[in-house]
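Structural overview for review
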Amino acid sequence: MLNVTKLTFDHETAPVGLDHAPVFGWQLTGDCRDIRQTMAQLQIATTPDFAAPVFDEVLPGKNSIAVQAIGFAPRALTRYYARVRIKADTSAGPQASDWSAPGSFVTALPVPGREWRAEFISAEDADTCRKSSAGTMVRGDFAVRPGIRAAYACTTALGLYNFYLNGTKVSTDEMTPGWTSYNRRLLYQTYDVTALLHPGTNRAGAMLGAGWYKGVMGLTRARNNYGDRTAFSMQLTLQYDDGTTEIVTTDASWQGTIAPVTFSEIYHGEEYDAALELPGWADAATPNAAPAGRWHGVETVTYPAAQLYAQAAGKVSVRNRLPAQRIFTTPAGETVVDFGQNMAGRVEITATGGPGDVAELRCFEELDADGNAYLANLRKARTIMRYKFAQPGTVTWHPQFTYMGFRYALVVQWPGTPRAENFTAYTLHTAMEPAGQFQCSEPLVNGLHHNITWGLKSNFLDVPTDCPQRDERLGWTGDAQIFSETACWLADTWTFYTKWLTDLVADQLPDGGVTNVVPNIEEHHTEGNWLMRTSPYGMSGWADAATIIPWVVYKMYGDASILRNQYASMCRWVDFMTAHTRGDLFTFMTQLGDWVALDAEPGSFFGATPTALTSQAYYALSARILALTASVLGKAADTEKYTAVYKNAKDAFIKNFFDAEGTLTAQTQTAHILALRFDLTPEKWRAKTVQRLLQLLDERGGHLVTGFLGTPYFCAALSENDCLKQAYDLLLKKDFPGWLYQVAQGATTVWEHWDGRRPDGTMWSAGMNSFNHYAYGAVGAWLYSTVLGLGQQAGTAGFAAARLAPRPGGGLNWAEGWHETPLGRYALRWEKDAVKTNVTFSVPANAEAELVLEPGAQVIATDGIAFTNGTARVGSGTYIVQYTK
Ligand code: BGC
């Protein structure tokens with residue numbers, strides 16, 4: 001019995017607001033092995049009964065990941081249904097599936113530049129808006145005739161907005177329209193609002209906050225970075241049964257007023273005054289009870305409609321709810337609520353008070369050595385949440401236009417006695433399907449995996465941020481590229497990265513330079529910060545996000561459209577480096593290199609590895625990725641061109657950073673790791689380089705002292721060079737410094753600094769001490785790719801042809817986990833006792849795998865698979881192998 005499951009449209013199960021024909025994907029399940037799709041039939045229709053399909057084609061072959069419906073030209077603002085059935089060869093002979101359950105997607109406006117007729121309207125006062133971060137509300141009434149068939153609202157804002165129709169918040173989306181390079185790109189959201197409308201007078205409304213658009217943000221802590229006036233824009237299309245269409249838009253006839261959100265910013269938090277509430281303000285059924293003069297006219301604000309793009313999925317919403325675990329008094333007498341987990345999100349409070357009473361919290365991450373609230377590492381971020389009562393009663397409240405990175409909340413003011421049940425934290429991040437799970441017999445490693453996952457949850461809030469707590473929270477390109485592979489193991493990040501990479505391109509400079517942060521909020525502030533002055537863009541290991549992330553995402557999801565879309569940008573970045581070579585060495589401004597490595601001079605952020613070396617290593621890596629990309633895209637001339645660039649870069653690396661005897665001139669761990677892992681070591685010197693890396697490790701008592709650029713690859717550089725034991729030893733080190741040290745210290749997320757909190761309880765300088773930086777969590781990829789051994793065969797992508805090579809070690813008795821790929825789930829468990837190892841694994845339908853046992857393995861038993869020299873080739877299914885070694 002074959003089934004087609006999990007239909008996707010642009011890799012999402014139910015996108016609403018696609019402005020182009022999506023690619024289609026699906027998964028197969030069945031109760032036999034070796035399922036290989038031989039053909040698929042795809043139908044697309046505007047009704048769920050598929051009575052008159054608008055597309056109905058038989059598509060030969062096995063593609064089920066990124067299938068194009070060639071010739072399907074979707075209409076705007078239309079709900080489409082799709083279904084698929086397939087034929088496949090299987091171990092039980094050829095089989096055919098039934099139709100899948102229908103999936104559906106909704107299209108957006110086709111070309112907003114032409115079709116967007118709505119004004120951007122603001123309730124902010126033109127004279128005071130520059131200094132204000134107060135919220136506003138806007139609303140407008142419109143008539144709906146009987147006989148409405150469908151209604152779609154396209155909405156966006158300058159600032160952040162919550163959208164209401166007839167008193168109801170239209171969706172569970174938060175922090176819309178998200179953060180993009182607003183100077184060039186603003187996303188609008190599309191909602192199917194048919195069920196929220198009724199014949200007669202209806203009311204639309206929006207509450208607006210400053211957000212990333214105009215609140216204080218960035219390294220320079222400037223405000224009004226993109227503009228100084230929040231504004232809302234809505235284009236609501238009413239489609240009637242009689243075939244007619246009406247469009248309702250925001251315009252000068254709408255009204256505006258101040259909101260109860262009296263202050264709201266990303267870093268500083270939110271203040272709310274209930275006295276300013278207007279119950280029923282967005283509901284036409286509520287009589288207008290507002291005090292005279294409270295509603296006033298709105299003004300229109302200009303934003304180029306040609307810069308509006310549809311967003312169909314990957315929006316932020318509430319993801320987890322965590323009740324407070326305890327409330328306690330610190331030695332300093334502070335009342336502190338503990339949620340037990342560091343995270344990014346907000347606190348929802350339930351408080352009972354009377355007019356004028358205030359409930360106020362300040363969110364923070366850590367307790368200091370004395371057990372008191374440690375607020376210094378938040379730097380200038382105030383991270384407050386403040387609710388002022390207007391009436392006696394009990395309220396449940398949370399902020400709307402801010403978020404914080406925290407595990408604890410300091411109770412600054414509270415009416416009565418706060419109790420743990422008054423507080424629930426909730427997380428906010430981009431909606432992504434979980435894609436990986438890992439467990440093993442060492443609880444501290446499981447703790448590390450947990451912390452890595454929470455680093456992702458805390459820093460995938462619309463853009464990949466460095467950290468969620470202090471006055472930073474920026475889309476640092478380096479952090480993003482370092483963590484990208486691990487992120488793909490943990491969650492379905494396709495939509496998240498494709499969005500952010502589009503902003504990377506939007507902000508890429510005319511000379512091809514890639515900015516340090518994306519969106520580049522520092523665009524107009526190059527003077528206010530040392531880094532922006534000394535190195536505003538083009539930083540190795542950071543700017544290489546332009547090449548590395550598209551490649552990683554392509555490899556993990558198997559859809560080359562990301563390479564096509566990013567290709568010009570990738571070329572421009574590599575060409576930029578080539579243009580800035582001296583003697584074939586990439587040389588450009590100040591480079592951060594192996595940032596925050598422990599081998600730095602005391603108090604310095606710059607690791608000991610010369611930046612000339614790290615820059616050249618990344619130049620070579622990017623050129624190599626680009627050559628591979630050109631080859632995947634069938635661009636023969638470019639493949640040749642960038643292969644030559646790569647070869648030159650590699651030769652120059654060898655010439656400049658190895659001496660005549662094959663010793664690396666930089667005697668640091670990171671220099672050796674990059675030379676090995678980026679394949680920049682001549683074969684004849686490989687063994688020597690590996691030996692020297694082991695010595696460098698020994699000199700530190702087996703501890704790493706690597707920073708941002710060396711750490712991600714340390715374990716892999718060892719295990720790929722016959723040093724599996726040493727790789728495990730490194731991972732499993734429990735004392736300072738190392739991954740498990742943090743876990744043993746009680747960390748619930750990954751720290752920015754190895755010595756964020758030292759064994760003696762002292763902390764790294766508060767000026768830069770995040771306890772929720774995902775960068776060092778990049779070791780997560782190694783847990784999946786080596787401990788579990790989930791990998792891919794050379795030259796393949798999307799796990800269509802896996803290479804399963806579990807590498808037990810480190811004294812672990814067992815490890816197990818799974819990874820959800822576009823084709824379905826790979827799962828693997830190994831278990832060892834004194835004599836034998838059992839491996840159980842499964843391969844999803846329409847995929848194939850080779851199982852490569854550890855060297856020296858002697859197979860004792862299998863359930864029907866044949867090994868040649870320790871390797872077996874299998875199709876889909878679940879298998880068991882037992883071996884001795
Ligand atoms: C960020 C880092 C970032 C670095 C680069 C820091 O402030 O938190 O993670 O990559 O700056 O300068």
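Here is what the cut-offs are and how they apply
- Residues numbered from 1 in each chain as written.
- Predicted model: local features only at pLDDT ≥ 70, side-chain atom pairs only at ≥ 80, totals over all residues.
- Heavy atoms only, no water.
- Axes fitted to C-alpha atoms, helices over the stretch in contact; angles between N-to-C directions.
- Helix = DSSP H or I, 4+ residues; strand = E, 2+ residues; numbered from the N terminus.
- Parallel < 35°, antiparallel > 145°, perpendicular 65-115°, else oblique.
- Contact = heavy atoms within 4.5 Å.
- Nonpolar A, V, L, I, M, F, W, Y, C, P; charged D, E, K, R; others polar.
- Expected span 1.5 Å × (residues − 1).
- Buried < 20%, exposed > 50% of the residue type's maximum accessible area, 1.4 Å probe, protein only.
- Pairing = 2+ DSSP bridges.
- 1 Å grid on protein atoms, 1.4 Å probe; cavity = no way out; pocket = protein on both sides within 12 Å on 5 of 7 lines; lining within 4 Å.
- Points joined across faces, edges and corners; volume = space filled by probe spheres on them.
- Salt bridge = Lys/Arg side-chain N within 4 Å of Asp/Glu carboxyl O.

What about the packing of helix α3 (residues 443–459) against helix α4 (residues 477–490)?
- It is at 10 Å that the axes of α3 and α4 come closest, and there the two elements cross at 100 degrees. Looking at the two axes, α3 sits roughly perpendicular to α4. Between α3, through H449, I452, T453 and L456, and α4, the contact on the second element is made entirely by F483, T486, A487 and L490.
- In the contact of α3 with α4, the residues fall into five nonpolar, three polar and no charged.

A short note on helix α12 (residues 683–699)
- Compared with an ideal rise of 1.5 Å per residue, which puts 17 residues at 24 Å, α12 spans 25 Å between its outermost C-alpha atoms and is within 8% of the ideal.
- All buried positions along α12 are accounted for by W685, R686, T689, V690, L693, L694, L696 and L697.
- Summarising the contacts, the buried residues of α12 are in contact with α10 (636–657), α11 (669–677), α13 (714–719) and α14 (724–732).
- Taken from the residues just after α12, G701 is the one with a positive phi, measuring 65 degrees.

Digging into the sheet that holds strand β41 (residues 801–804)
- Taken in spatial order, the four strands line up as β40-β41-β45-β47 in an open sheet, and their pairing is mixed. A strand with exactly one partner marks an edge of an open sheet, and here the two such strands are β40 (790–792) and β47 (871–874). The mean angle between the axes of side-by-side strands here comes to 25 degrees, regardless of whether they run parallel or antiparallel.

Points about the layout of surface pockets
- Here the second largest pocket is characterised by a volume of approximately 900 Å³.
- What lines the second largest pocket is a set of 33 residues, and nearest its centre among them are D10, H20, T498, T502 and N565.
- Elements supplying a minimum of two residues to the lining of the second largest pocket: β2 (16–18), β24 (308–311), α5 (494–507) and α8 (561–579).
- In terms of residue class, the lining of the second largest pocket is made up of 14 nonpolar, 12 polar and seven charged.

As for the pattern of salt bridges
- If you walk through the whole model with that rule in mind, you get 41 salt bridges.
- The residue R33 makes a salt bridge to D863 at a minimum N-O spacing of 3.0 Å. Linking R33 in the loop between β3 (23–30) and β4 (36–45) with D863 in the loop between β46 (858–862) and β47, this pair joins segments that are 830 residues apart in sequence.
- You can call D863 partly exposed: its relative accessible area is 31%.
- Across the pair R185 and D503 runs a salt bridge whose closest N-O atoms are separated by 2.9 Å. Placement of the pair is R185 in the loop between β14 (168–169) and β15 (186–192) and D503 in helix α5, with a sequence separation of 318 residues. D503 carries the same exposure label as R185, and that label is buried.
- Several salt bridges share partner residues, and in doing so they unite R221, R379, R470, D471, E472 and E752 into one network.

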